[in-house]
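Working through the structure, step by step
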Amino acid sequence: MNEKEFEKLLLSVQKPGRYSGGELNSVVKDKEKVKIRFAFCFPDTYEIGMSHLGMKILYSQFNEREDIWCERVFAPWVDFEVLMREKGIPLFALESRDSIKDFDFIGFTLQYELCYTNLLNMLDLAGLPLKSADRPSLSPLVVAGGPCCCNPEPLADFVDLFFLGEGEEVDLEVIDLYREFKEKGAGKEEFLRAAAKIEGVYVPSLYDIEYFEDGRIKSVTPKDGAPAKIRKRIMRDMDSSYYPDRFVVPFIEIVHDRAVQELFRGCIRGCRFCQAGFIYRPVREKSADTVNRQAKALCENTGYDEISLSSLSTSDYTCLEPLLNKMLLWTEPQSISLSLPSLRVDNFSAELLGKINHIRKSGLTFAPEAGTQRLRDVINKNVTEEEIFRTCKTAFEGGYTAVKLYFMLGLPTETDEDLKGITDLGRRIIDLYYSLENRPVGKSPSVSVSVSTFVPKPFTPFQFEPQIEKEEIERRQNVLKYSNTCRKVNISWHDSSVSFLEGAFARGDRRLCAVLEAAFKKGCKFDGWNECFNLQKWLEAFDENGIDPLFYSARKRDFDEINPWDHLDFGVTKDFLIRENKKAHSAKITPNCREKCAACGAACFGEGVCFEKR
Amino acid sequence: MKNVRLFYTKKGRMKFLSQLDINRLMTRVIRRSGLPVWYTEGFNRHIYINYAVPLSLGFEGEYEIMDIRLTDDAFEYEEALSRLNSAAPEGIRFLRAVDPVLPTKDIAFAEYEIAFESGNVFLYPALEKFLSSDSVICIKKDKKGRLKEFDIIPKIKSTDFSGDKPRLILSAGNEGNLNPAMVLSAFFEKTETAPVFYTVRRLMLFDAGLKPFV
Ligand code: SF4
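What you are looking at is a predicted structure, and each value in this text was computed from that prediction instead of being measured. (Residues numbered from 1 in each chain as written. Chains lettered and ligands numbered in written order. Predicted model: local features only at pLDDT ≥ 70, side-chain atom pairs only at ≥ 80, totals over all residues. Heavy atoms only, no water.)

1. Remarks on the overall build of chain A
How we decide: Helix numbering and strand numbering both begin at the N terminus, where a helix is a DSSP run of H or I of at least 4 residues and a strand a DSSP run of E of at least 2. Every radius of gyration here is taken over C-alpha atoms, with the globule rule written as 2.2 Å times N^0.38, N being the number of residues. Think of it in three bands: residues with accessible area under 20% of the maximum for their type are buried, residues over 50% are exposed, and the middle band is partly exposed, with areas taken using a 1.4 Å probe on protein chains only. Any two residues having at least one pair of non-hydrogen atoms within 4.5 Å are treated as being in contact. Under the convention used here, a 1.4 Å probe and the Shrake-Rupley method define accessible areas, while residue burial counts only the protein chains that appear.
When its secondary structure is counted, chain A shows 21 helices and 19 strands. A globule of 614 residues ought to have a C-alpha radius of gyration of about 25 Å, and chain A, at 24 Å, matches this closely. Summarising its shape, the C-alpha atoms of chain A cover approximately 75 × 65 × 55 Å along the three principal directions. In chain A, buried positions account for 61% of the 614 residues. A separation threshold of at least 6 residues defines the contact pool for chain A, and within that pool the share at least 24 residues apart is 77%. A total accessible area of about 23300 Å² is found for chain A, and carbon and sulfur atoms account for 49% of it.

2. Observations concerning the overall build of chain B
Heads up, the rule is: Charge counting follows a simple rule: Lys and Arg are positive, Asp and Glu are negative, and His as well as the terminal groups are ignored. A charge is said to be at NZ when it belongs to Lys, at CZ for Arg, at CG for Asp and at CD for Glu.
A tally of helices and strands in chain B yields four helices and 10 strands. By the compact-globule yardstick of 17 Å for 214 residues, chain B fits well, its C-alpha radius of gyration being 19 Å. Considering only C-alpha atoms, chain B reaches an extent of 55 × 35 × 30 Å along its principal axes. The burial tally for chain B puts 51% of its 214 residues in the buried class. Partitioning the contacts of chain B with sequence separation of at least 6, the portion at a separation of at least 24 is 71%. As displayed, chain B has an accessible area near 10500 Å², and 52% of this comes from carbon and sulfur atoms. Side-chain charges of chain B comprise 31 positive and 28 negative groups, with the mean position of each set lying 5 Å from the other.

3. Examining the pattern of salt bridges
Residues and elements named next belong to chain A. Rules: Definition used for salt bridges: Asp or Glu carboxyl oxygen within 4 Å of a side-chain nitrogen of Lys or Arg.
Throughout the structure, instances matching the rule amount to 74 salt bridges over all chains. Between Glu 166 and Arg 265 there is a salt bridge whose closest N-O contact spans 3.0 Å. Here Glu 166, found in the loop between strand 5 (161-163) and helix 7 (167-183), pairs with Arg 265, found in strand 11 (residues 264-265); they are 99 residues apart in sequence, far enough to count as distant. The exposure classification of Glu 166 matches that of Arg 265, with both residues buried. Put simply, Asp 289 and Lys 326 hold a salt bridge, and the shortest N to O gap is 3.1 Å. In this pair, Asp 289 sits in helix 10 (residues 288-302) while Lys 326 sits in helix 11 (residues 320-331), placing the two residues 37 residues apart along the sequence. Judged by its relative accessible area of 29%, Lys 326 falls in the partly exposed class.

4. A short note on the site of the ligand
Inclusion rule: In this text, near means that some heavy atom of the residue lies within 4 Å of the molecule or strand in question. When residues are grouped by polarity, Ala, Val, Leu, Ile, Met, Phe, Trp, Tyr, Cys and Pro land in nonpolar, Asp, Glu, Lys and Arg in charged, and all others, Gly among them, in polar.
By nearness alone, every residue bordering the ligand is listed as Arg 281, Cys 593, Cys 597, Ala 598, Ala 599, Cys 600, Ala 602, Ala 603, Val 609, Cys 610 and Arg 614 of chain A. Broken down by class, the residue content of the shell around the ligand amounts to nine nonpolar, no polar and two charged.

5. Re the sheet that holds strand 14 (residues 337-339) of chain A
The strands making up a sheet are joined through hydrogen bonds of the backbone, oriented either antiparallel or parallel. Residues and elements named next belong to chain A. The condition is simple: Any two strands between which DSSP finds at least two bridges are classified as paired. As a rule, the C-alpha atoms of each element are fitted with a line to give its axis, helices using only the stretch in contact, and angles between N-to-C directions run from 0 to 180 degrees.
An order of 10-13-14 is seen for the three strands of this open sheet, with the pairing classed as parallel. Lying at the two open borders of the sheet, with one neighbouring strand each, are strand 10 (259-262) and strand 14. Direction aside, neighbouring strands of the sheet carry axes that sit 25° apart on average. Two strands pair when backbone bridges link them, and strand 10 and strand 13 (residues 306-310) are joined in this way by four bridges, in the parallel orientation. Note that in strand 13 the partner of Val 260 across the bridge is Ser 308. Strand contacts of helix 10: strand 10 and strand 13, with the helix running at about 165° to strand 10, the strand carrying the most contacts.

6. Observations regarding helix 15 (residues 416-435) of chain A
The following threshold applies: Take the residue count of a helix, subtract one, and multiply by 1.5 Å to get its expected span.
Over its 20 residues, helix 15 of chain A extends 28 Å from the first C-alpha to the last, a length consistent with the 28 Å expected when each residue adds 1.5 Å. Looking at helix 15 of chain A, one finds that the buried residues are Asp 418, Leu 419, Gly 421, Ile 422, Thr 423, Leu 425, Gly 426, Ile 429, Ile 430, Leu 432 and Tyr 433 of chain A.

7. Focus on the interface of chain A and chain B
Formally: Defined in terms of a 1.4 Å probe, buried area is the accessible area two parts forfeit on being brought together, summed over both.
Taken together, the 30 residues of chain A in the interface contact 20 residues of chain B. Overall, the association of chain A and chain B removes approximately 2200 Å² of surface from exposure, summing both partners, and the carbon and sulfur fraction of that is 57%. Seen at the junction of chain A and chain B, the total is five salt bridges. Between Glu 7 of chain A and Lys 15 of chain B there is a salt bridge whose closest N-O contact spans 2.5 Å.

Below you can see the structure in the form of structure tokens.
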């Protein structure tokens, strides 16, 4: 399509900047001079995908190689999709506007289960058959990485190969192998068999699954020499790991429109509901010097006036104070603001607060996750009420008036008392405010409580737990609502039917591929978006395939049941998860990695916090 | 400290940017260029930039103006331009940097070039005839959001249909700005013509005496 036609189309859709390309630091190469063309696909909108750090890292890293041209592709919003289908425009890469159908790799990053229909839709828009088996030639190869790959089974029929763990090394190893096979004219099957031998590569078609009559998995059998266990990959030394010195800077506003610098990967905490806390183990830090140097380069090359220090739990970074002191030397004179997401309540010092405070006054957010100490012990979120109050007091006295609290509903062992504990905590924070002599003058406090529905995830101690059903979710939401008597406490929650779908896919097996395909054919897409999610169509898709979603989500699983992800190895052992599950049920906490090693299994990678002196 | 007026073009892919996007972009371009610019004081400090007349999403501009302040009075304009240009994306070109002569409120008119697709150029004579009407009453929201009737004809300073593409000189600036999109939608509506795709390029900004604004 010529430029004029394209412009005309873009001018008739919302936010044309999503599709126009040409952003600063985007990489354009001569296609005749590269050997590998890689379409890096994010199965959601531009604004969400462009905010994602993993994509930025791999995009830059791939493009450093002369023989690879990596381009970005996002899910077109529904208005543009209609036009694309009407005019026969295939899904294209933003940099070259070439159809991705002829690329060597189509790589998806899977950040959440609710994007799976978008993956199918994007393959379809590219003009490709959905199923791996219906794409016999070596290229394009459809690959995927990201956290959802810790249970990729619901996508097993569609994706040729999954990357487990961190992609910086394994992705390039696979690309190199592909190049070799392509040059010698080898076929797809031969390639996949060879690729399966690379650590961190999972080729689902090389595994046969047998089921019991009741639907549980009986066995998982590798074939053609594929490994019985596939271990994820990690970057061992964060200081020498690749990190981009520039990001593509979007023209339109995106969700996280700022420079991002990683402090460390993994988390020492082990909150039992949190998948990220387990699958990214062990903790590996970057040194303060590296962080500072990389952050500075990023700001210089992007022109961003805000930099966010990212990690799962920022205040656990061992050199936070020295780092902040280093960074403030150049951020302050240049009016660059620092943001520190994921600060925890329990080690949030007054001094630290002061440092952020004089940079930017934004709201205070805490995530106690559960309303009572008992339930917080169950989930191993070792935040005490005393600590919450102490922090709020410091914050209020420092001029803050708004507090945002995050909780989960439907946690294992949760009772109505725990729910009432949530509103009670909110009310007592308000009371605390008014009890302070030196509270901000002439202002009114507010506590906003955001409650999400708990979804049990693979590789967490709660992977065995049933997810509560829709009616029960709604009943508990009502308990919460009616227990709130304070007008300054505001409660909001998410739709319960979406978490039901998320629950089924999080712990689903490959029989869900048929359901997914059926839902896609009925028009399901952007399931994470309220305006697009259609529960009815999903229920029909399950029904037509004779599959009960509750089998995956609402069933308690025995410890010795074979889970769809048990042949994947993320370091943490099943024994450890079982131990943690039992401790949860007796409300016993587990100390964090720095206090005492819980022998989770992640020490097998030979790096990180497991080998720190305690 | 001194005020500096920058003239730039907004073309190609940059037409997809709204004025808000342009502002975000310019802030980053200036930061990357490392120019010694002045930041506003106060709580939420940001680079001082004043845009003469915002340009709509979808339009190209050949004579766009923004004013900034340099904290170093001796800073060479040539150097400023070359730094800005190397930090700017394709489609944004900084052409000139000058000491401002007039305040931006003195902008009175803007010249636009309108282009229909080749299949629709036969509509130009109808447009020309339409624009020579005595009055064309349109409805527009005023600043308070109330609907208000107004006549667009007095705001059309002149038209030129002699070239391949029509050119219109319309009132511009804070008071009485007339957007060419409004002129065209009035044309389609009042002449009962099915709306066709068109592009707009702003060629020039003028002061009240129709001299190029500087
Ligand atoms: S092995 Fe020990 S220190 Fe290492 S991640 Fe597991 S619990 Fe933490």
